[in-house]
Amino acid sequence: SIVINNRNYARYLGAAIDSALAQTYKALEVVVVDDGSTDDSRRVMEGYGDAIRSVYIAHAGQAAAFNAGVAAANGEVLFFLDADDLCAPERVERIMGVFSEVDACAETAALVFHPQRFCDRSGKETGKRFPPRLVRIDAYRRGTREESFSAGELSVISTPTEAVRFLQDKHYLPFLTAATSGLALTRPLADRLFPLPTAGITICADSFVSLGAL
């Protein structure tokens, strides 16, 4: 299931839905949750008829929209998509392949994430992506280039705890997962994470998914 969350993004929503419906992986449903929009979002969603599963809630924030989408979805694997983002056509197929490679089946709690590419208002790629690999905190604040580590430096890491300590010692900011539109998780993990807390969480609900998964 691809779960799209929307709040007053009618101008982008159709393109987001189209990109979800155009996936090369066909055993797929698209669930669109509208978080009490006051623009033309409902009209856009109604235009797709039975091609999507439409869910309408009173405005309560992104966490509530996530909760409603997960509850409405039937998929064994859940992919998230913000209404102002697009899916590459092969996104679901490639990520399902990754789940298979690591033996993450319908009974396994697992998260897969990937970076996203930025486009300008015309749809042209800017060359920027999120998240970068690993970025020094001072470089991140300046908006300067990505940096990486040598194999020798990384050879000291054998556990997640050591990885976090290594990053802290090097004064690096650890981007451990992606934003909303780069997240995919299996149903057993979703069952452990959802419903998310909703009080005051109007944006950035993806942090509860990615950090909760860890």
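In this convention, every chain numbers its residues from 1, walking through the sequence in written order. The predicted origin of the model limits local features to residues at a pLDDT of at least 70 and limits the giving and counting of side-chain atom pairs to 80 or more, whereas totals for whole chains, interfaces and linings rest on all residues. Hydrogens and water are ignored here; the side-chain numbers use all heavy atoms of the structure.

Some details on unusual backbone geometry
Glycine aside, a negative phi is what most residues show, and trans is what most peptide bonds show. Under the convention used in this document: The cut-offs for exposure are 20% and 50% of the maximum accessible area for each residue type, with area from a 1.4 Å probe on protein chains only; residues under the lower value are buried, those over the upper are exposed, and the others partly exposed. Strands are runs of DSSP state E lasting at least 2 residues, helices are runs of H or I lasting at least 4, and numbering of each runs from the N terminus.
Here the residue pair Phe-194 and Pro-195 is connected by a cis peptide bond, since its omega of 5° sits within 30 degrees of zero. One non-glycine residue, Asn-8, lies in positive phi territory at about 60°. Looking at Asn-8, the relative accessible area reads 22%, which means it is partly exposed. With phi around 60°, Cys-204 is a residue other than glycine that occupies positive phi space. For Cys-204, the location among the structural elements is in the loop between helix H8 (187-193) and helix H9 (206-213).

Quick notes on the packing of aromatic side chains
Test applied: Think of it this way: a Phe, Tyr or Trp ring, Trp meaning its six-membered ring, pairs with another when their centres are within 6.5 Å, and the plane angle makes it stacked under 30 degrees, edge-to-face over 60, tilted otherwise.
One pass over the full model with this rule turns up three aromatic pairs. Arranged with centres 5.4 Å apart and planes meeting at 85°, the rings of Tyr-9 and Tyr-12 form a pair that is edge-to-face. Residues Phe-66 and Phe-80 carry aromatic rings whose centres are separated by 4.9 Å and whose planes lie at 35° to one another, so their mutual orientation is tilted. One end of the pair, Phe-66, is in helix H3 (residues 62-72); the other, Phe-80, is in strand S4 (residues 77-82), and 14 residues separate them in sequence. Take Phe-66 and Phe-80: they sit in the same class, and that class is buried.

Examining the pattern of salt bridges
Filter applied, for reference: Throughout this description, the term salt bridge denotes a Lys or Arg side-chain nitrogen within 4 Å of a carboxyl oxygen of Asp or Glu.
Counted by the stated rule, this structure contains four salt bridges. Here Asp-40 and Arg-43 are joined by a salt bridge, their closest N and O atoms 3.7 Å apart. Accessibility expressed as a relative area gives 54% for Arg-43, which makes it exposed. A salt bridge links Glu-125 to Arg-117; its shortest N-O distance comes to 3.8 Å.

Some points on the pairing of strand S2 (residues 30-35)
Defined as follows: Note: two strands are recorded as paired if DSSP finds a minimum of 2 bridges between them. Here the term right-handed applies to a crossover when the path leading from its first strand over the helix to its second strand runs clockwise, the strands being oriented away from the viewer.
Extensive coverage of S2 is indicated by the burial of six of its six residues. Alternating positions in S2 separate into two faces, Val-30, Val-32 and Asp-34 on one and Val-31, Val-33 and Asp-35 on the other, with burial throughout. Pairing of strand S1 (residues 2-6) with S2, which is carried by five bridges, proceeds in the parallel orientation. For Ile-4, the partnering residue across the bridge sits in S2 and is Val-32. Each parallel crossover has a hand, and for S1 linked through helix H1 (residues 10-21) to S2 it is right-handed. Examined bridge by bridge, S2 and strand S3 (residues 53-57) share five bridges and lie parallel to one another. Each bridged residue has a counterpart across the sheet, and for Val-33 the counterpart in S3 is Val-55.

Nothing here speaks to function; it is all geometry.
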